[in-house]
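# Analysis of the macromolecular model
Each chain, letter by letter, is given below.
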Protein chains: 2
Amino acid sequence: MQVGIVGLGSIGGSLGYDLRERQCRVIGVSRKQATCNRAVELGIADKASCNFDGLKSAELVILCTPIGKLEAIARQVIPHLNPDAVLTDVGSVKGPIVDAIEPLWKNFVGGHPMAGTHQSGVEAAQQSLFVDRPYVITPTAKTQPGAIAKLDQLITLIQARRYECGPAIHDQAVARISHGPVIISAALVSTAIAQHNPEEAAVVKLAKQLASSGFRDTSRVGGGNPELGLMMAQYNKDAMVQCLQQYRRELDGAIAAIESDNWDALNQWLIKTQTARPDFVD
Amino acid sequence: MQVGIVGLGSIGGSLGYDLRERQCRVIGVSRKQATCNRAVELGIADKASCNFDGLKSAELVILCTPIGKLEAIARQVIPHLNPDAVLTDVGSVKGPIVDAIEPLWKNFVGGHPMAGTHQSGVEAAQQSLFVDRPYVITPTAKTQPGAIAKLDQLITLIQARRYECGPAIHDQAVARISHGPVIISAALVSTAIAQHNPEEAAVVKLAKQLASSGFRDTSRVGGGNPELGLMMAQYNKDAMVQCLQQYRRELDGAIAAIESDNWDALNQWLIKTQTARPDFVD
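Residues numbered from 1 in each chain as written. Chains lettered and ligands numbered in written order. Predicted model: local features only at pLDDT ≥ 70, side-chain atom pairs only at ≥ 80, totals over all residues. Heavy atoms only, no water.

## Description of the pairing of strand β8 (residues 161–164) of chain A
Residue and element names in this part refer to chain A. Inspection of the sheet shows strand β7 (residues 134–138) paired to β8 by four bridges, in the parallel sense. Bridge pairing links isoleucine 137 to glutamate 164 in β8. Each parallel crossover has a hand, and the one from β7 via helix α5 (residues 145–157) to β8 is right-handed. (Pairing = 2+ DSSP bridges. Helix = DSSP H or I, 4+ residues; strand = E, 2+ residues; numbered from the N terminus. Right-handed = clockwise from strand over helix to strand, strands pointing away.)

Structure follows, in structure tokens:
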């Protein structure tokens with residue numbers, strides 16, 4: 001298979017490694033010539049350039065730019081595609097992306113490979129990054145079966161775990177397990193440092209001295225890269241608000257139970273969460 | 001020093017190990033004879049029994065029972081104490097405990113050694129559990145200096161990090177970094193499983209398949225032992241409610257910023273939390 005990868009950062013670069021390993025021919029595109037050179041040097045792409053001309057031989061073109069640039073890049077790439085080429089993206093939000101790109105290209109299907117490297121750039125690319133990791137594809141009623149089949153080939157080659165659902169279902173699910181937790185976790189840190197009077201200043205000082213593993217874990221994603229959290233909220237706004245409003249109802253229920261000494265209700269709720277968590281993670 | 005330890009579980013037992021190691025004579029008390037025998041066998045106590053008679057030779061008596069039993073145990077122990085003996089406890093909430101026990105014994109001072117073993121019972125006791133871990137003491141205006149000095153000796157012997165503050169400051173600080181996070185984390189799990197219609201059922205199913213390290217960490221303490229969460233809410237009720245109401249204001253601010261596309265405000269807030277977190281944990 002001939003595959004075009006537009007954006008040679010950690011995700012695009014990691015895809016390149018595995019596809020070349022599986023005998024695909026990879027054509028890379030990046031804004032910077034230095035990145036193109038490095039990608040070829042590392043073995044991520046067979047050839048790479050700053051223009052889109054090389055993409056016309058590709059059967060599958062994967063857009064791997066930051067989510068904010070996907071629509072604009074799709075518009076630039078499309079004039080260079082073979083009419084039968086399948087176009088996909090790796091954005092972590094699907095509704096707005098599918099809405100924007102689907103009308104532009106018949107053979108488009110949205111996708112989201114869920115593997116992160118915490119670092120960005122071509123040097124952060126890794127081999128076998130997607131093995132046994134989820135890869136969600138989000139076709140719509142308009143998606144061509146051939147486009148899905150081509151993306152399935154990719155998923156099989158990189159040995160990812162394939163899931164399929166509508167874009168809205170995807171966005172709500174990632175809001176619950178990934179995007180929402182960033183805000184929920186950040187609000188904890190913001191609460192921990194709140195001080196409106198000298199007594200609260202003493203509380204904050206002591207809290208900093210006593211914080212341990214429970215605070216470390218619960219606050220981790222809220223103390224992460226602000227750009228990522230912002231991006232999630234901007235692009236997944238509707239699902240994020242829906243998730244956080246549900247969260248607020250859960251929180252209000254717990255506060256009400258504590259305020260009214262309804263220990264049985266609080267106990268039942270805590271038993272429910274203890275029982276449910278292993279269905280998500282070990 | 002002669003030390004009495006009432007309650008030979010993971011905390012009481014661990015204290016026993018270290019105190020004996022430092023040439024103290026340890027008199028253990030437990031409800032169960034089998035626990036007393038095991039404590040002597042393990043080297044946790046020099047002698048141990050189910051009655052309080054042995055405590056009369058102790059200069060320091062440490063109450064290490066579950067928090068719900070501290071006041072009742074103090075009332076049982078006090079008639080057996082030497083008039084000069086210092087009494088302390090290891091409860092994770094201090095306000096209600098200090099309020100209850102301080103009027104009963106002149107030489108009482110509250111304490112909270114913050115080291116956990118995740119397991120309970122005498123077999124979970126560990127040597128050197130408190131080394132470099134926080135030990136908060138919570139004297140009041142009525143506390144005798146001699147009582148503080150005696151507890152300080154203990155803290156030095158077990159090589160813990162000593163902090164001192166009023167009971168209310170302690171309770172608010174632990175609400176922010178330990179007790180509050182349990183509810184905040186549990187509400188995330190409860191949100192993740194919320195389903196009111198078939199679409200949400202599909203969302204929950206996918207969320208379970210996609211959940212990864214971010215969800216794992218943010219949900220960990222909320223998926224823990226319900227009894228512990230319940231105990232924290234019951235005994236630290238006021239500070240817990242205060243913390244959760246502050247949390248709700250932080251959350252509401254974030255939701256409002258997202259709903260109104262106030263990305264600058266959200267960005268500033270996320271930068272603030274990213275900047276603040278390293279003051280609490282690495």
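Still more to cover.
## Re the sheet that holds strand β2 (residues 25–29) of chain A
Residue and element names in this part refer to chain A. The eight strands are arranged β3-β2-β1-β4-β5-β6-β7-β8 in an open sheet whose pairing can be described as mixed. Each edge of the open sheet is held by one strand with a lone partner, namely β3 (47–49) and β8. Geometrically, the sheet is characterised by an average inter-axis angle of 25° between neighbouring strands, direction not taken into account. As paired strands, strand β4 (residues 60–63) and strand β5 (residues 86–89) are joined by four bridges and run parallel to one another. Bridge pairing in β5 places valine 61 opposite leucine 87. Contacting β1 (2–6), β2, β4 and β6 (108–113), helix α1 (residues 10–21) runs over the sheet at an angle of about 165° to β1. Running over the sheet, helix α3 (residues 70–77) touches β1, β4 and β5 and is turned about 150° from β4. (Axes fitted to C-alpha atoms, helices over the stretch in contact; angles between N-to-C directions. Contact = heavy atoms within 4.5 Å.)

## Structural notes on the domain arrangement of chain A
All names here are of chain A. Along its sequence, chain A is organised into domain 1 (2–165) and domain 2 (170–279). Relative placement of domain 1 and domain 2: their C-alpha centres are 34 Å apart. Facing twelve residues of domain 1, the contacting portion of domain 2 comprises eight residues. The junction of domain 1 with domain 2 conceals about 800 Å² of combined surface from both sides, 70% of it contributed by carbon and sulfur atoms. The largest contributions to the domain 1 side of the interface with domain 2 come from Ile67, Ser92 and Val93, which together make up 47% of the buried area. There are zero salt bridges connecting domain 1 and domain 2. In this structure, the connection of domain 1 to domain 2 is made through three residue pairs in polar contact (both at pLDDT 80 or more). Looking at the side of domain 1 that touches domain 2 residue by residue, the class counts come to six nonpolar, five polar and one charged. (Domains from an automatic or database assignment. Buried area = accessible area lost by both parts, 1.4 Å probe. Salt bridge = Lys/Arg side-chain N within 4 Å of Asp/Glu carboxyl O. Polar contact = N/O pair within 3.5 Å; in protein donor to acceptor, adjacent residues only side chain to side chain. Nonpolar A, V, L, I, M, F, W, Y, C, P; charged D, E, K, R; others polar.)

## Here we look at the packing of helix α11 (residues 263–276) of chain A against helix α6 (residues 167–192) of chain B
Look at α11 of chain A against α6 of chain B: their axes get within 9 Å of each other, and the N-to-C directions meet at 65°. Seen along the crossing, α11 of chain A lies across α6 of chain B with a hand that is left-handed. Note on element contacts: α6 of chain B touches α11 of chain A through Val182, Ile183, Ala186, Ala187, Val189 and Ser190 of chain B, opposite Leu266, Trp269, Leu270, Lys272, Thr273 and Ala276 of chain A. Taken together, the residues of the contact of α11 of chain A with α6 of chain B break down into nine nonpolar, two polar and one charged. (Left-handed = near helix turned anticlockwise from the far one by under 90°.)

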